[in-house]
Amino acid sequence: MVKQKHRTVVTTDGEIDDMNSFIRFLLYSNDMEVAGIILTSSMFHYSGNDEKPAYRWTGETWIPEMIHRYAEVYSNLVKHDPDYPTPQSLLDVYRIGNISDVGEMEEETEGSNFLMDLMLDQDERPLYIQTWGGTNTTACALKSIQERFEGTSEWAHIKSKIESKVVLYIILDQDGTYGDYISKNWNLTTLNDSLNFGYFGYGWKNLPKEIRSSLDDHWQQTHILNKGSLIEKYALIGDGYYLAGEIEPEQFGQEKWLEAHPDYKKYDFISEGDSLSYFYLIQTGLRGFEHPTYGSWGGRFTEVAPNTFSTEKTVDYNPLTQRFEQEYSFYRWINDIQADFAARVQWCVTNDFEVCSHYPEVNIDENISAKVGENLTLRALAKDPNGLSIAYHWWCYYEASTYWDFSHLELEAGRWTLGDMEFIDSWHSSKIEKTWDLPMVGVDTNQISFQIPEDAKSGDTFHIILEVSNQSEFPLKTYKRVIITVE
């Protein structure tokens, strides 16, 4: 299977959860083309300058150190997928951007100039800029382009090129540079997750027990501890790690922190709030990157302004609570995400292809036209590269399908907390009895049959998700999304 790799840049401010996100990112770097890794600042972390001292600054060497640890397991990883980038190629694209203060974007830096060159190069593919911290280094790069070309004969072409090429995925808005500069001067495609990331971040204890069990101490001890040089640096609650530069209340690895937070156990998950920005890009088969409204591991979005997409008020029906919830459009995937991670962690510690799980290979037509009232049969051909038994499951992603209209829902604002601080609105409905359905026969086989509803209209779509899992100690799942469009 030929991968549809996306060209991406990580910008990060170096929090402990960024470091955890970066370790996982390295294990998924085979699914992306890593064009840049840039250290930046945020409202939470900056290195300081002559006028202002550093705040929670964790240094400029942790990224190369993580890549060196990746190098120690690289020979194992390439046995499982030869597409893993070489450690040197990752070091070659690491740059330090605007780090001195919150929102500092006036000084051109090695990182901002490197990002500017990527924006201006001749590669016409989308350039996905992941924003784990502030947008200031990205803003500096854009401002440099504007200052050099605005008023010239090239400006209209350059501006159009950048606006059609650059895609921002913002995790929270961690400085003012997007609102103050980028959005006012550039019409970039922007995905803004202002809440859902928190349920793979510091707010994970708010998850239902059916979900958070894949983040708790038992799961981590089973799947993460003692798994080689790279995973050794994956930080967990109370693991003894002390992060130089971080403030004492954020030293999650210390016994003192654990004593002050009795709701947590030693080796509980800390956070990976930034990982959603690359979950959006990896090759799951869910096709979420084709359009933000489709939904995938990176969440599901609604277009709130031209080329601007938000998770706010994008709700999926949660069968656990029997209501529509904003955050469920992401956390419905967490158990799969964690199972996938556990299997890749195993790749770090063995070079034997036969003893590790790999993704089932699945063939199916992913785009189908159908008539109103037509009886359809979808059949998948699948096999496991290691000859393992496989299981099938089909379901309809109602909220991503356009046949059903959920826009009439009356949503209520809730509160999400970060530590002791009330943080941001979430949105949910009251409990609702589920009345929508697309009856399907054979949902746990390789073939399903169903009928297109008689009241469907031309252009309506139905998103059918197929999950194919291998049966092993560390199962891996391949998804396929079949989009049926009514003629």
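Residues numbered from 1 in each chain as written. Predicted model: local features only at pLDDT ≥ 70, side-chain atom pairs only at ≥ 80, totals over all residues. Heavy atoms only, no water.

## Some remarks on the pairing of strand β2 (residues 32–39)
The line we're drawing: Relative accessible area decides the class of each residue, using a 1.4 Å probe on protein chains only: under 20% of the type maximum gives buried, over 50% gives exposed, and in between gives partly exposed. Runs of E in the DSSP output that reach at least two residues are strands. Runs of H or I that reach at least four are helices, and both are numbered from the N terminus. DSSP-based pairing: two strands are paired if at least 2 bridges between them are found. Clockwise travel from the first strand over the helix to the second, with the strands pointing away from the viewer, marks a crossover as right-handed.
Taking burial as the measure, the eight residues of β2 include seven buried ones, the bulk of the element. Summarising the sheet, strand β1 (residues 6–12) and β2 pair through seven bridges and their orientation is parallel. Note on β2: the bridge partner recorded for V10 is I37. Handedness of the crossover joining β1 and β2 through helix α1 (residues 16–27): right-handed. Judged from the three bridges that link them, β2 and strand β3 (residues 94–96) form a sheet pairing that is parallel. Paired with L39 across the two strands is I96, which belongs to β3.

## Comments concerning the packing of helix α2 (residues 62–80) against helix α13 (residues 334–349)
When two helices pack together, their arrangement is given by the angle between the helix axes and the distance between those axes. As a reminder of what qualifies: Orientation is described by lines fitted to C-alpha atoms, with helices fitted over the stretch in contact, and by angles between N-to-C directions that extend from 0 to 180 degrees. Working definition: roughly parallel below 35 degrees, roughly antiparallel above 145 degrees, roughly perpendicular at 65 to 115 degrees, and oblique for all remaining angles. We call two residues contacting when some pair of their heavy atoms lies within 4.5 Å. Note that Gly is not counted as nonpolar here; it falls among the polar residues with everything else outside the nonpolar set of Ala, Val, Leu, Ile, Met, Phe, Trp, Tyr, Cys and Pro and the charged set of Asp, Glu, Lys and Arg.
Running from N to C, α2 and α13 point in directions that differ by 120°, and their axes come no closer than 6 Å. Classified by the angle between their axes, α2 and α13 sit oblique to one another. Where α2 approaches α13, its residues V73, N76, L77 and H80 are matched on the opposing element by W347, C348 and V349. In the contact of α2 with α13, the residues fall into five nonpolar, two polar and no charged.

## Brief notes about the pattern of salt bridges
To keep things clear, this is the line we draw: Definition used for salt bridges: Asp or Glu carboxyl oxygen within 4 Å of a side-chain nitrogen of Lys or Arg.
A full pass over the atoms with the stated rule returns 28 salt bridges. Among the ionic pairs, E246 bridges to R56, the shortest N-O distance being 2.6 Å. Placement of E246 in the loop between α9 (217–223) and α10 (255–260) and of R56 in the loop between β2 and α2 is noted, with a sequence separation of 190 residues between them. Under the relative-accessibility criterion, E246 is labelled buried at 6%. One salt bridge connects E361 with K383, and the closest N-O pair in it is separated by 3.9 Å. One end of the pair, E361, is in strand β11 (residues 361–363); the other, K383, is in strand β14 (residues 381–383), with 22 residues separating them in the sequence. According to the relative accessible area criterion, K383 is exposed, its value standing at 53%. The network of salt bridges with shared partners includes R7, E33, D121, D123, R125 and K165.

## Side note on the pairing of strand β13 (residues 375–379)
Each regular strand carries side chains that alternate between the two faces of the sheet. Because side chains alternate across β13, one face comprises the buried residues L376 and L378, and the other comprises N375, T377 and R379, none of which is buried. Bridge analysis of β13 against strand β18 (residues 447–451) gives five bridges, and the strand direction is antiparallel. Along β18, the bridge assignment pairs L376 with F450.

## A look at the side chain of T40
How we decide: Whenever two N or O atoms come within 3.5 Å, that pair is a polar contact, provided that in protein one can donate a hydrogen and the other can accept it, and provided that, for residues adjacent in sequence, both atoms are side-chain atoms.
Its place among the elements puts T40 in the loop between β2 and α2. Engagement of the side chain of T40 in a polar contact is seen with the backbone oxygen of N98, the distance being 3.4 Å. Within the structure, T40 has its side chain in polar contact with the side chain of N136 (distance 2.8 Å). Setting aside residues up to four positions removed in sequence, T40 forms contacts with T11, T12, D13, W57, N98, I99, G134, N136 and T137.

## Overview of the side chain of E104
What counts, and what does not: His is not counted, nor are the chain ends; Lys and Arg add positive charge and Asp and Glu add negative charge.
One can find E104 in the loop between β3 and α4 (110–120). Within the buried core, E104 has no salt-bridge partner, and the shortest N-O distance to an opposite charge, that of K143, equals 8.6 Å. Within the local environment of E104, its side chain forms a polar contact with the backbone nitrogen of E106, the two atoms lying 2.7 Å apart. Not counting chain neighbours up to four residues away, the residues in contact with E104 comprise N98 and N136.

## Re the sheet that holds strand β12 (residues 367–370)
Strands sit in the order β12-β20-β19-β15 across an open sheet of four strands; the sheet is mixed. Two strands bound the open sheet, and with one partner strand each, they are β12 and β15 (390–396). The mean angle between the axes of side-by-side strands here comes to 20°, regardless of whether they run parallel or antiparallel. With nine bridges joining them, strand β19 (residues 461–470) and strand β20 (residues 477–486) adopt antiparallel strand pairing.

## As for the packing of aromatic side chains
Stated precisely, the cut-off is as follows: Pairing of aromatic side chains here covers Phe, Tyr and the six-membered ring of Trp, requires ring centres within 6.5 Å, and sorts the geometry by plane angle: under 30 degrees stacked, over 60 edge-to-face, intermediate tilted.
For the coordinates displayed, the defined rule picks out 40 aromatic pairs. With a centroid separation of 5.3 Å and 70° between ring planes, the pair formed by F25 and Y278 is classed as edge-to-face. Of this pair, F25 sits in helix α1 while Y278 is found in helix α11 (residues 276–279), placing the two residues 253 residues apart along the sequence. Of the two residues examined, F25 and Y278, each falls in the buried class. Pairing W333 with W395 gives two aromatic rings, centres 6.0 Å apart and planes at 45°, and the pair type is tilted. One end of the pair, W333, is in the loop between α12 (328–331) and α13; the other, W395, is in strand β15, and 62 residues separate them in sequence.

## Quick look at the nonpolar core
Where we set the bar: By convention a nonpolar core is built from buried Ala, Val, Leu, Ile, Met, Phe, Trp, Tyr and Cys residues, the set being connected through side-chain atoms within 4.5 Å.
Within the largest apolar cluster, 117 residues are counted, with the highest numbers of intra-cluster contacts made by F22 and M119. Those residues in contact with M119 that lie beyond four places of it in its chain are L127, I129, T138, A141, L142, I145, K161, I162, K165 and V166. W436, M440, A456 and L466 belong to the second-largest nonpolar core, a separate cluster that totals 31 residues.

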